[in-house]
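Each chain, letter by letter, is given below.
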Amino acid sequence: GSAATYYTAPNSTYAAIHAASVYNPTAAAGDVVVHIVPAGETAGDATTIIKKSVGAGVSAALAELVNHKLEPGATIRAQGLACTLNISGAENVPE
């Protein structure tokens, strides 16, 4: 399937990821793939940050996403299980 968009950095706004985790509420293990996609591009191998197998009923940290920066218009996209994706961070609007 295609990667769904979970966040888009607004115009003139830079973003940084400080923490990320995923929870798999399903009864089967599976892979979750997370991308950081520059504005105007599509999710694919070149934009993949992490592909992680997540067990049934398990939470997992996504440490590979921490400290990644997003330029204005960049997106965080993910595909895989019907998982809960939690990402926190900060936005910066330069003056």
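Residues numbered from 1 in each chain as written. Predicted model: local features only at pLDDT ≥ 70, side-chain atom pairs only at ≥ 80, totals over all residues. Heavy atoms only, no water.

Tallying secondary structure elements over the protein gives zero helices and eight strands in all. Reading the helices (α) and strands (β) of the protein from amino to carboxyl end gives β-β-β-β-β-β-β-β. Here the protein has a C-alpha radius of gyration of 13 Å; the compact-globule value for 95 residues is 12 Å, and the two agree. Taken along the three principal axes of its C-alpha coordinates, the protein extends 50 × 25 × 15 Å. Across the 95 residues that make up the protein, the buried fraction comes to 32%. (Helix = DSSP H or I, 4+ residues; strand = E, 2+ residues; numbered from the N terminus. Rg over C-alpha atoms; globule rule 2.2 N^0.38 Å. Buried < 20%, exposed > 50% of the residue type's maximum accessible area, 1.4 Å probe, protein only.)

As a further point, take the nonpolar core. By size, the foremost hydrophobic cluster in this structure holds 19 residues, and its most contacted members are Ile17, Val22, Val32, Val34, Leu62, Leu65 and Leu70. Looking at this core, the elements that each hand over two or more residues are β2 (14-23), β3 (30-37), β4 (48-54) and β7 (75-80). Considering every element that reaches this core, the biggest residue donor is β2, with four residues. (Core = buried A, V, L, I, M, F, W, Y, C linked by side-chain atoms within 4.5 Å.)

Pairing between strand β1 (residues 4-8) and β7: four bridges, direction antiparallel. The residue bridging threonine 5 from the neighbouring strand is arginine 77, located in β7. (Pairing = 2+ DSSP bridges.)

This part covers unusual backbone geometry. We note that serine 12 has phi near 60°; this positive angle belongs to a residue other than glycine. Positionally, serine 12 belongs in the loop between β1 and β2. Positive phi values are uncommon outside glycine, yet asparagine 67 reaches one of about 75°. Note that asparagine 67 resides in the loop between β5 (59-61) and β6 (69-70). For asparagine 67, a relative accessible area of 52% corresponds to the exposed category.

From the geometry alone we can't say anything about function, so treat these as descriptive.
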